[in-house]
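# Close look at the chain arrangement
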Amino acid sequence: MPEKKILRLSLDDLDTPHYGCTTYTLSEIVKELNSIGVSFMDYPHLVRLNPNIPWKTRGNGAVSIIFIYDDKEKVFSIADQIVYESYKKGEKKSTPALILCEEESITEDIMRFSEDALYKVLSIKRAKSIIKEHNNILFKTYGGEIGLIGALAALANPLTEHTYELICYRLPKNFGLPRKVDKESIIEMSEKTFPYTFNNYDPLTGRILITPHGNDPILFGIRGISPHKLVEAFSMIKVYEEISHFLIFKTNQGTNAHLNFSFKINEVKSYYSVKVKGYVKTNPVITKGGHVFFMLADDTSEICCAAYEPTKNFRNIVLKLRVGDYIEVGGGVRPPTRRYRSKVLNLEYLNILSLVEEHVYENPVCPKCNRRTKSLGKNKGFKCEKCKSRFPFLPKEKRIIPRNISPGIYIPPPSAHRHLTKPLQYYGLNLKIDAPFDASIFYRQFN
Ligand SMILES: [Zn+2]
């Protein structure tokens, strides 16, 4: 009998505008592997990669699974067939990749690639050369090779900080039809399961965030920090269409995994996701379109920071920054364009570390009648208009202007979040704690 081995399988780039979704294809693979009796060792992983790459797939999310089985070739041929079918149904408009390997193939170089994929721009060449060095990694690409980057990155991301997402899928006959999910029940679920679930809807706009809007197979996805709570939350949602199945993923969503890497301003590169500390160099200004800009400087250089209109009330905080404030910011770097000739750092969060005092100098108050005096000209002193006294030696008075803002972390509202954005309520929370894998809840088939 062949020896049982720990295997890892990963997949990327099956998202297409009219059909596909990488997580859905993985759920079909899970279903099939379940039926041949593999033992899953963890929730499937949904790994979000650098969201600031312009040529990314929809959410730049790749997936992987880890399980025990004795026949690697059989698993590969099952997965290959399912991926190929999805690729065909998606009218070959994506460039998927599939990777399968033994656990011991995950070495330092793959780990480093996974980490880099969170915030850098990686090349297909580097992915291929890593795979080539491991002669026991099985892989296949379909129509192109871009998917290899995400698939290799998802293979080994340790998901040190993580959350979970229960993704519920539609029956194929309903794809493309309006989603029949009761809005009120989502809001009620959200309130009842706080803070164990997050970003179910945006209280600011009332917009529901758990249902996508495209033709993809997802009915809704509930994000949270406990798999069991997600199953509970799932049961609270009223659905008026038949559902197919759900799958619970372990994921780096909601962890800021892309913003863990500190940069000096002169090291910041286009399309990277970065964290930078510095001093506000110019007071923020708001443009006609409602975008807010200011310059940030450190001891190496300076960079333009932006909070765009969709970040809504977050801009009000940014507008209160003043020259000299010491802050840390995180976000994606937009390359120079013909119109803006410098790089722009698009803010995804703002951590105010210290505020300067804001003040103005005013004419002194008349000591006799308590009214503000008039200046008699530079270095000539002041005069009270009421009692006519002159005060040649009184200095100007410093008046402190209240800043109406405090040190701390500020982020845009949920409707402007990326998948990776850490919700405010999870700052300071230990997201490294693993929920033990519960094979009885992670996958459920309904119809
Ligand atoms: Zn007076």
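One structure accompanies this document, and this report is about it. (Residues numbered from 1 in each chain as written. Predicted model: local features only at pLDDT ≥ 70, side-chain atom pairs only at ≥ 80, totals over all residues. Heavy atoms only, no water.)

A sheet is described by the order of its strands in space; here three strands give the open sequence E20-E21-E22, paired in antiparallel fashion. Unpaired on one side and paired on the other, strand E20 (374–375) and strand E22 (390–391) mark the two borders of the sheet. In this sheet, E22 lies alongside strand E21 (residues 382–383) in antiparallel orientation, the contact comprising two bridges. Bridge pairing links Lys 383 to Arg 390 in E22. (Pairing = 2+ DSSP bridges. Helix = DSSP H or I, 4+ residues; strand = E, 2+ residues; numbered from the N terminus.)

Quick look at the side chain of Glu 362 now. Looking at where Glu 362 falls in the secondary structure, it is placed in strand E19 (residues 358–362). Judged by relative accessible area, which is 19%, Glu 362 ranks as buried. Within the structure, Glu 362 has its side chain in polar contact with the side chain of Arg 372 (distance 3.5 Å). Among the polar contacts listed, one links the side chain of Glu 362 to the side chain of Arg 399, at a separation of 2.9 Å. (Buried < 20%, exposed > 50% of the residue type's maximum accessible area, 1.4 Å probe, protein only. Polar contact = N/O pair within 3.5 Å; in protein donor to acceptor, adjacent residues only side chain to side chain.)

Cys 366 (SG), Cys 369 (SG), Cys 384 (SG) and Cys 387 (SG) make up the full set of protein donors to the zinc ion, lying at 2.0 to 2.3 Å. We note that the donor set of the zinc ion lies within a single chain, spaced as C-x2-C-x14-C-x2-C. With Cys 366 in the loop between E19 and E20 and Cys 387 in the loop between E21 and E22, the pair connects residues that are 21 residues apart, well separated along the chain. Owing to a relative accessible area of 32%, Cys 387 belongs among the partly exposed residues under this scheme. (Donors = N, O, S within 2.8 Å, 3.2 Å for Na, K, Ca; no water.)

To locate leftover empty space, one rolls a probe as large as a water molecule over the atoms. Counted under the stated rule, the structure contains two cavities of 30 Å³ or more. There is about 30 Å³ of room inside the second largest cavity. Arg 8, His 45, Ser 64, Ile 65 and Ile 66 are the residues that line the second largest cavity. Residue contributions to the lining of the second largest cavity peak at three residues, all from strand E4 (residues 61–69). Partitioned by chemical class, the residues of the lining of the second largest cavity number two nonpolar, two polar and one charged. (1 Å grid on protein atoms, 1.4 Å probe; cavity = no way out; pocket = protein on both sides within 12 Å on 5 of 7 lines; lining within 4 Å. Points joined across faces, edges and corners; volume = space filled by probe spheres on them. Nonpolar A, V, L, I, M, F, W, Y, C, P; charged D, E, K, R; others polar.)

Before going further, it helps to examine the layout of surface pockets. Considered as a void within the structure, the second largest pocket measures approximately 380 Å³ in volume. Along the wall of the second largest pocket there are 20 residues; nearest its centre are Asn 199, Tyr 201, Pro 203, Pro 414 and Gln 425. Elements supplying a minimum of two residues to the lining of the second largest pocket: helix H6 (183–193), strand E8 (197–198) and strand E9 (201–202). Tallied by class, the residues present in the lining of the second largest pocket amount to 11 nonpolar, seven polar and two charged.

Before going further, it helps to spend a moment on the side chain of Ser 226. Within the secondary structure layout, Ser 226 lies in the loop between strand E11 (218–224) and helix H7 (227–236). Residue Ser 226 is classed as buried on the basis of its relative accessible area, which comes to 19%. Among the polar contacts listed, one links the side chain of Ser 226 to the backbone nitrogen of Lys 229, at a separation of 3.1 Å. Ser 226 has contacts with Tyr 164 and Tyr 196, leaving out every residue within four places of it along the chain. (Contact = heavy atoms within 4.5 Å.)

Let us look at the pattern of salt bridges. One pass over the full model with this rule turns up 27 salt bridges. The partner of Glu 241 in a salt bridge is Arg 170, and the shortest N-O contact between them spans 2.8 Å. Highlighted residues: Glu 241 in the loop between H7 and strand E12 (243–251) and Arg 170 in strand E7 (residues 163–170), separated in sequence by 71 residues. Each member of the pair, Glu 241 together with Arg 170, is buried. When the shortest N-O distance is used, the salt bridge between Arg 418 and Glu 348 registers 3.2 Å. (Salt bridge = Lys/Arg side-chain N within 4 Å of Asp/Glu carboxyl O.)

Okay, the pairing of E12 next. For a regular strand, side-chain orientation follows a simple rule: the groups alternate between the two sheet faces. With nine of its nine residues buried, E12 lies for the most part within the structure. The pairing of strand E3 (residues 45–48) with E12 spans two bridges and is classified as parallel. In the sheet register, His 45 faces E12, and the bridge partner there is Lys 250. Sheet analysis places E12 next to strand E25 (residues 443–445), joined by three bridges and oriented antiparallel. Bridged to Leu 247 within E25 is Tyr 443.

For the rest of this paragraph, the subject is the nonpolar core. Ranked by internal contacts, the top residues of the largest apolar core, which has 59 residues, are Leu 9, Ile 29, Leu 33, Ile 65, Phe 67, Phe 220 and Ile 248. Of all the elements, helix H2 (residues 72–89) adds the most residues to this core, at seven residues. In this view, Leu 33 contacts Val 38, Phe 40, Ile 65, Phe 67, Val 75 and Ile 78; residues no more than four positions away in its chain are not counted. Residues Phe 263, Phe 314, Ile 327 and Tyr 410 belong to the second largest nonpolar core, which totals 31 residues. (Core = buried A, V, L, I, M, F, W, Y, C linked by side-chain atoms within 4.5 Å.)

Interhelical geometry of helix H3 (residues 108–116) versus helix H4 (residues 124–133) gives an angle of 160° and a closest axis separation of 10 Å. In this view, H3 runs roughly antiparallel relative to H4, as classed from their interaxial angle. Crossing of H3 over H4 shows left-handed handedness. Side by side, H3 and H4 meet where Asp 109, Ile 110, Arg 112, Phe 113 and Asp 116 of the first sit next to Arg 126, Ala 127, Ile 130 and Glu 133 of the second. Partitioning the contact of H3 with H4 into residue classes produces four nonpolar, no polar and five charged. (Axes fitted to C-alpha atoms, helices over the stretch in contact; angles between N-to-C directions. Parallel < 35°, antiparallel > 145°, perpendicular 65-115°, else oblique. Left-handed = near helix turned anticlockwise from the far one by under 90°.)

In the structure shown here, the tally under the stated rule is 21 aromatic pairs. Their ring planes at 55° and their centres at 6.0 Å tell us that Tyr 87 and Tyr 142 sit as a pair that is tilted. Of the two residues, Tyr 87 sits in helix H2 while Tyr 142 sits in the loop between strand E6 (138–141) and helix H5 (147–155), which places them 55 residues apart along the sequence. Neither Tyr 87 nor Tyr 142 differs from the other in exposure class; each is buried. Consider the rings of Phe 437 and Phe 442, whose centres lie 5.2 Å apart with planes at 65°: the pair is edge-to-face. Under the relative-accessibility criterion, Phe 442 is labelled buried at 3%. When the ring centre of Tyr 427 is taken as reference, the NZ or CZ atom of Lys 422 above it lies at 5.4 Å. (Phe/Tyr/Trp six-rings, centres within 6.5 Å; stacked < 30°, edge-to-face > 60°. Lys NZ or Arg CZ within 6 Å of the ring centre and 35° of its normal.)

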